[in-house]
Amino acid sequence: SADGGRKLSLDSIPMGLPMSDPTAWATAMNNLGMAPMGMTGQPLLPDFDPALGMMTGIPPINPMMPGLGIVPPPIPPDMPAVKEIIHCKSCTLFPPNPHLPPPATRERPPGCKTVFVGGLPENGTEQIIMEVFEQCGEVIAIRKSKKNFCHIRFAEEFMVDKALYLSGYRIRLGSSTDKKDTGRLHVDFAQARDDLYEWECKQRMLAREERHRRRLEEERFRPPSPPPVVHYSDHECSIVAEKLKDDTKFLEAIQTLLTWIERGEVNRRTANNFYSMIQSANSHIRRLVNEKAAHEKEMEEAKEKFKLALSGILVQFEQIVAVYHSASKQKAWDHFTKAQRKNISVWCKQAEEIRNIHNDELMGIRREEEMEMSDEEIEDPSEMKETEELALVSQVEALKEENDSLRWQLDAYRNEVELLKQEQGKASRDEDTTKEQQMKLLQQALQGMQKHLLKVQDEYKKREAELEKVREDKLKIETLLENLKEQESTASRVCACSQEKECPVEKTLSNSPVKSEREVLLVGIISTFLHVHPFGASIEYICSYLQRLDSKICTAEVEVLMTRLQNTFRQELSGVGASLEKRWKFCGFDGLKMT
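Attention in this report is confined to the structure presented alongside it. (Residues numbered from 1 in each chain as written. Predicted model: local features only at pLDDT ≥ 70, side-chain atom pairs only at ≥ 80, totals over all residues. Heavy atoms only, no water.)

The helix and strand inventory of the protein chain stands at 16 helices and 11 strands. In the protein chain, which comprises 595 residues, the share counted as buried stands at 27%. Partitioning the intrachain contacts of the protein chain with sequence separation of at least 6 by distance along the chain shows that 64% fall at a separation of at least 24. A total accessible area of about 41700 Å² is found for the protein chain, and carbon and sulfur atoms account for 56% of it. (Helix = DSSP H or I, 4+ residues; strand = E, 2+ residues; numbered from the N terminus. Buried < 20%, exposed > 50% of the residue type's maximum accessible area, 1.4 Å probe, protein only. Contact = heavy atoms within 4.5 Å. Areas by Shrake-Rupley, 256 points an atom, 1.4 Å probe, with all protein chains shown as cover.)

Right, here's the structure in full:
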């Protein structure tokens, strides 16, 4: 290039230069946490263990790892890095003061492979720069300036991190102490267009690989496409027609038929074939309806079986609950122990809860069946009233039975109370307290039964009142039906009479040439128009005048009306040859004399 830089190949790098003190270079790389490598790429210490050689707290870095662009973390202030002297062939590198802060660096550019090296000796040459920095990795190019700085481009990004380690070292050429032969190295990241271009290319390549990987994943998880539909032919048409008659292959065949119709395969030649296939598809509807009916029948049978089984289970629950209630009565209850009584009461509550749940379920099924009544049964009001009346009668009978059973229970409780009173005088004082408690319980039970009896009687009276109302409503409905029938008979007679009267009027109207009020108005307007034009006018002229009044008037309607009224309007031909023209004239005055 113009500034004196040159590009170096792998063969031109002096890889065989001997190192004056390989131990110092190995110690420096060991302090950085890197495996010590020589100029030829071979390890200086074959038994080097990165985990044991760590002295600065920096994680180990593999210098042969391609594309490694990691900046080493900062060294903790309490653990200063011990940098040692590095001896090269033509120069010596002295480490900086360990107590000084680390040299500042700029922000690392993306894909950085180029470093800026400042503070070079004035007598430093490219060969000396190569000798120092080629031990960090393969050097691609060096661009040296006349102002004691240069730019070095490495082959990989991780080599830049090694070069930054030399920042702060003092360099001395040979054993000279002259100012022109000494300098303090300052190594920093450099921004180069080639590095940015390669980094962008690498990012684009990674993006392409990622897109390719995602595409492969999407294709792997994408559902398979449906099989292609064959093109229409007479042979394929016969195959599809046979498949349409088969229940197992109907779905495949109907999809093929739909695709053919959407493709536009129907024409005059194939219309009959397609009609026969559509007819087969229509016949499949009957099979589907029959199949649905069979499934509905099976469902109804299953419901019936479930209802019967549930009713049988409820009967057994009722018997078990009855056993618990009978065991809870005084005669058997006194012989059980306290623990046994407690278990029996718990079991009784559980059985009653389960019975109530099953009973609610059965009642729900019956309610659903009642709601599925047909419309014909709902439309007939008399039948509805009868069913309601029967239901009320059955409820009244059930209330009577419940009333009788409550009365019997009251009598039994009274007898027990009398027995307890008789036994109270004979029993000892120790049993008085228990009997008083029993008396109180019995009295409370009697009060509850009496309240319940009063409620039942009130309900009985309400039901009787509702029955009377239903009967009155039924009588009213019957009277209304009779009145409606009488009104229908009278109305039919009146209609017959009116039809007889209207017949002659309609006959007279049908015989007249003018059939509506609109035509009468048209005749009057045309007559006045033609009276103003005594030499007549063409039908188009007449219609153009009428359409100004009403745009819906057409020429054919006007011409038909005028031809029907021959005594009012007359058509004449005027002109000769090409000028022949039909004209209409008003002849109402002459026609009046003739009629």
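The topology assignment puts Q135 in the loop between α2 (126-133) and β5 (139-144). Using a relative accessible area of 8% as the deciding quantity, one classes Q135 as buried.

Let us now look at the sheet that holds strand β8 (residues 182-184). Strand order in this open sheet of 4 strands is β2-β3-β7-β8, and the pairing throughout is antiparallel. Every interior strand has two partners, whereas the edge strands, β2 (86-87) and β8, have only one. Bridging between β2 and strand β3 (residues 91-94) involves 2 bridges; their strand directions are antiparallel. Bridge pairing in β3 places H87 opposite T92. (Pairing = 2+ DSSP bridges.)

The next point concerns a positive patch on the surface. On the surface, R204, R208, R211 and R215 cluster together into a patch of positive charge. Relative to the helices and strands, R211 is located in helix α4 (residues 193-221). (Patch = residues over 30% accessible without salt bridge, like charges linked within 9 Å, V, L, I, M, F, W, Y side chains within 5 Å. Salt bridge = Lys/Arg side-chain N within 4 Å of Asp/Glu carboxyl O. Lys, Arg positive; Asp, Glu negative; His and termini not counted. Charge placed at Lys NZ, Arg CZ, Asp CG, Glu CD.)

Okay, the pattern of salt bridges next. This model, assessed by the stated rule, comprises 20 salt bridges. Residue R269 is joined to D234 by a salt bridge in which the shortest nitrogen-to-oxygen separation is 3.8 Å. You can see R269 sitting in the loop between α6 (250-263) and α7 (271-327) and its partner D234 sitting in helix α5 (residues 234-244), a full 35 residues away along the chain. A relative accessible area of 58% places R269 in the exposed class. A salt bridge links E252 to K243; its shortest N-O distance comes to 3.2 Å. With a relative accessible area of 22%, K243 lands in the partly exposed category. Here the residues in one salt-bridge network are K113, R153, D195 and E198, joined through shared partners.

A separate point is the environment of L453. In this fold, L453 is placed in helix α12 (residues 432-511). Looking at L453, the relative accessible area reads 13%, which means it is buried. A C-alpha to C-alpha distance of 7.0 Å links L453 and L406, two positions 47 residues apart in sequence.

A cluster of acidic side chains, namely E464, E468, E472 and D473, defines a negative patch on the protein surface. Here E472 shows up in helix α12.

A few words on a nonpolar patch on the surface. A surface patch of nonpolar side chains, about 240 Å² in accessible area, is lined by I261, V266 and I278. Mapped onto the fold, I261 is located in helix α6. In this structure I261 comes out as partly exposed when scored by relative accessible area, which is 38%.

Another aspect to go through is the packing of α5 against α7. Between two packed helices, the angle of one axis relative to the other and the distance separating the axes together describe the packing. Where α5 meets α7, the closest approach of the two axes is 9 Å, and the angle between their N-to-C directions is 10 degrees. By the criterion of interaxial angle, the relationship of α5 to α7 is roughly parallel. Of the residues in α7, those in contact with D234, C237, V240, A241 and L244 of α5 are N273, M277, S280 and R287. Looking at the contact of α5 with α7 residue by residue, the classes come out as 5 nonpolar, 2 polar and 2 charged. (Axes fitted to C-alpha atoms, helices over the stretch in contact; angles between N-to-C directions. Parallel < 35°, antiparallel > 145°, perpendicular 65-115°, else oblique. Nonpolar A, V, L, I, M, F, W, Y, C, P; charged D, E, K, R; others polar.)

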